[in-house]
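Observations on chain architecture
Spelled out from the first residue to the last, the chains are:
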Amino acid sequence: MLDTLNRHLMHPFMAWREGRPHLRYLKTLEKTQFDAPEVIRARQLEALKAQLKHAWDTVPYYRASWTQAGVHPSDVRELADLEAFPIVTKADIRRHNRAMVSSAFDVTKLREKRTSGSTGVPLTIYCDEPAMQWKAACTIRSDEWSGYRLGQRVAKAWGNPEYRHFGLKGRLRNYFLDRAVYLDTLDLNDQRIAEFTRTIRRHRPGLIFGHAHSLYLLACALKKARVFDVRPNGIISTAMILHDWQRAVIEEVLGCKVTNRYGCEEVSLIASECEEHNGLHVNADSVYAEVPSNGKLLVTDLCNRGMPLIRYQVGDVVVPSTRACKCGRGLPMIERVEGRDADYVLTPAGHLISGISLTENFAVLIPGTAQVQIVQESITQLRIRLVADDAFNTTSRQKIADLVRDTFGDTVAHDVELVDAIPQEPSGKYRFCISKVARDHMEAMSA
Ligand SMILES: [Zn+2]
């Protein structure tokens, strides 16, 4: 009852009040996802041409880079013509940041997003508000592929709950509208998991959402406590590789299929499984995805005009697909993502910290970090592997010491290993965080 009221009354009312068109966009997107593949491709081509023209006209970085490469937006007559255009790397974004912002926008009015990307490289991205709204609609559409319906309560196994940054207003909004309950994965212990279990048994969330390794931990804890009555409508695993052995335990304990999703802060949702759970549909209304022969995914953001990302190399290797999905959606497919992985880290007090959240925090907060990876050598020794840039100095070292102390307490020592690069594994997988001690603890938890 409350779910229905929330869906049909609260969400539309707040959207109207805040002048946010995302629910109207959602209605369109729900229909167009079933268009034929060639119709969707034609729409992408038009969106791509418009984005290229806008970038040429208003973004200094692209005009210079394309002039040098001898290409022009008018060269693009079909989608494949984009292959002649230069690739944009994370290093390019770090080096040319403001030159990639469109002169048609006041940068202070754009939404600023700080992220450590998918490979521990910190980046600042700016996004315009209409694009944020469109992307929000795309995300809700694929949220609902999981079985969840907008308006239902959501449980998140995630790092730092966002709403807490917005004071009372944030709490009220979360209480009445977003209705999310959180398991803070930056500091997990048996008591927190037990509390969260009680909360989700009481609130019966329609959706459980989180990093693969946090969902797996939660499922292990529920199994151990013999709690088998948490039955969400959907489960979404995101931001890292979902291993089959994790999926099996989560699905067994929660009695619901896991929907694997892939995205990044830079362009938001890239691809998601549908109810068939056989490959992922590209979010073609928001991004154009290219998979070159080396498998390194390139995405072009079709809607963010504030800071267009064109042929951006996300840093993940994906396996392309030409299959049509049984669900009937015309959205293109990828088979799987060889993305990112991270272990949980164990503190001397016996708490667990999500490796992906931990590394993201470090990457974004340490000045002069070009890339970072955290290795837990023993229960009291951390190695911070770091690629430094020119801004790295004694303040950065002090910040690392502060972060280690605040997160792990006084008994954990660390060393900083400055390296030229943090290699990806041969499969293309990137490991944010490696723990040489948490495995035994995790095995005990899942026994
Ligand atoms: Zn499908």
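Criteria and cut-off values
- Residue indices begin from 1 for each chain and proceed along its sequence in written order.
- Local features in this predicted model are restricted to residues whose pLDDT is 70 or higher, and side-chain atom pairs enter the listing and the counts only when it is 80 or higher, whereas totals over whole chains, interfaces and linings include all residues.
- Side-chain figures throughout are based on the complete set of non-hydrogen atoms in the structure, without hydrogens or water.
- Only nitrogen, oxygen and sulfur atoms count as donors, using a 2.8 Å cut-off from the metal that widens to 3.2 Å for Na, K and Ca. Water is left out, so coordination shells may look unfilled.
- Only two sets of limits are used to name each site, 85 to 135 degrees for every angle of a tetrahedral four-donor site, and over 155 degrees for opposite donors with all other angles from 65 to 115 for a square planar four-donor or octahedral six-donor site, with any other site named irregular.
- Note on conventions: DSSP H or I runs of at least 4 residues are helices, E runs of at least 2 residues are strands, and numbering of each starts at the N terminus.
- Throughout, exposure labels follow a simple rule: accessible area from a 1.4 Å probe, protein chains only, divided by the maximum for the residue type, with under 20% read as buried, over 50% as exposed, and the rest as partly exposed.
- Contacts described as polar in this section are N or O atom pairs within 3.5 Å, which, within protein, must combine one atom able to donate a hydrogen with one able to accept it, while residues neighboring in sequence count only if both atoms come from side chains.
- By definition in these notes, contact holds between two residues if any of their heavy atoms fall within 4.5 Å.
- In this analysis, strands are considered paired if DSSP registers two or more bridges between them.
- Seen with the strands pointing away from the viewer, any crossover whose path from the first strand over the helix to the second strand runs clockwise is right-handed.
- Axis definition: a line fitted to C-alpha atoms, over the contacting stretch in the case of helices. Angles run 0 to 180 degrees between N-to-C directions.
- Throughout, disulfides are identified as pairs of cysteine sulfur atoms within 2.5 Å of each other.

- Going by an unreviewed UniProt entry, the protein carries the name CapK related-protein and comes from Gemmata massiliana.

**Some words on the coordination of the zinc ion**
- Donor atoms from the polypeptide that bind the zinc ion are Cys274 (SG), His281 (NE2), Cys325 (SG) and Cys327 (SG), placed at 2.1 to 2.3 Å.
- One can describe the site at the zinc ion as tetrahedral: its four donor atoms subtend angles covering 101 to 116° at the metal.
- When the donor residues of the zinc ion are listed from N- to C-terminus, their spacing reads C-x6-H-x43-C-x1-C. Of this pair, His281 sits in strand 9 (residues 280–282) while Cys327 sits in the loop between strand 12 (312–320) and strand 13 (333–337), placing them 46 residues apart in sequence. Accessibility assignment for this pair places His281 and Cys327 in one class, buried.

**Some thoughts on the side chain of Asp92**
- Here Asp92 is to be found in helix 5 (residues 90–96).
- There is a polar contact of 2.9 Å between the side chain of Asp92 and the backbone nitrogen of Thr89.
- Once you skip the residues sitting within four places of it in the chain, Asp92 turns out to touch Tyr61, Ile87, Asn97 and Met100.

**A word on the pairing of strand 19 (residues 413–418)**
- Pairing between strand 18 (residues 381–388) and strand 19: six bridges, direction parallel. In the sheet register, Ile384 faces strand 19, and the bridge partner there is Val416.
- Where the polypeptide runs from strand 18 across helix 12 (residues 394–408) and back to strand 19, its parallel neighbour, the crossover connection is right-handed.

**Overview of the environment of Thr67**
- Here Thr67 lies in helix 4 (residues 60–69).
- The spatial distance from the C-alpha of Thr67 to the C-alpha of Trp56 is 9.6 Å, given a sequence separation of eleven residues.
- Other than its neighbours up to four places away in sequence, Thr67 contacts Trp56 and Tyr62.
- For Thr67, the side chain forms a polar contact with the main-chain oxygen of Arg63, separated by 2.4 Å.

**What to know about the pairing of strand 13**
- By the bridge criterion, two bridges tie strand 9 to strand 13 in an arrangement that is antiparallel. Each residue of the ladder has a partner; that of His281, found in strand 13, is Met333.
- Looking at chain direction, strand 12 and strand 13 are connected through three bridges and run antiparallel. Looking at the pairing, Pro320 lines up with Ile334 of strand 13.

**Re the sheet that holds strand 5 (residues 207–211)**
- Reading across the sheet, the eleven strands line up as 4-3-5-6-7-8-9-13-12-11-10 and stay open at both edges, with mixed pairing between neighbours. Edge positions in the sheet fall to strand 4 (180–184) and strand 10 (287–290), since each of these pairs with one other strand and no more. With strand direction ignored, the average angle separating the axes of adjacent strands in the sheet is 40°.
- Examined bridge by bridge, strand 6 (residues 234–238) and strand 7 (residues 258–264) share three bridges and lie parallel to one another. Pairing of Ser237 across the sheet is with Asn260, part of strand 7.
- Across the face of the sheet, helix 10 (residues 244–254) comes into contact with strand 5, strand 6 and strand 7 while running at roughly 130° to strand 7.

**Thoughts on the state of the cysteines**
- As enumerated under the stated definition, the model contains zero disulfides in all.
- With no disulfide partner, Cys138 has as its closest neighbouring cysteine sulfur the one in Cys303, 6.6 Å distant.

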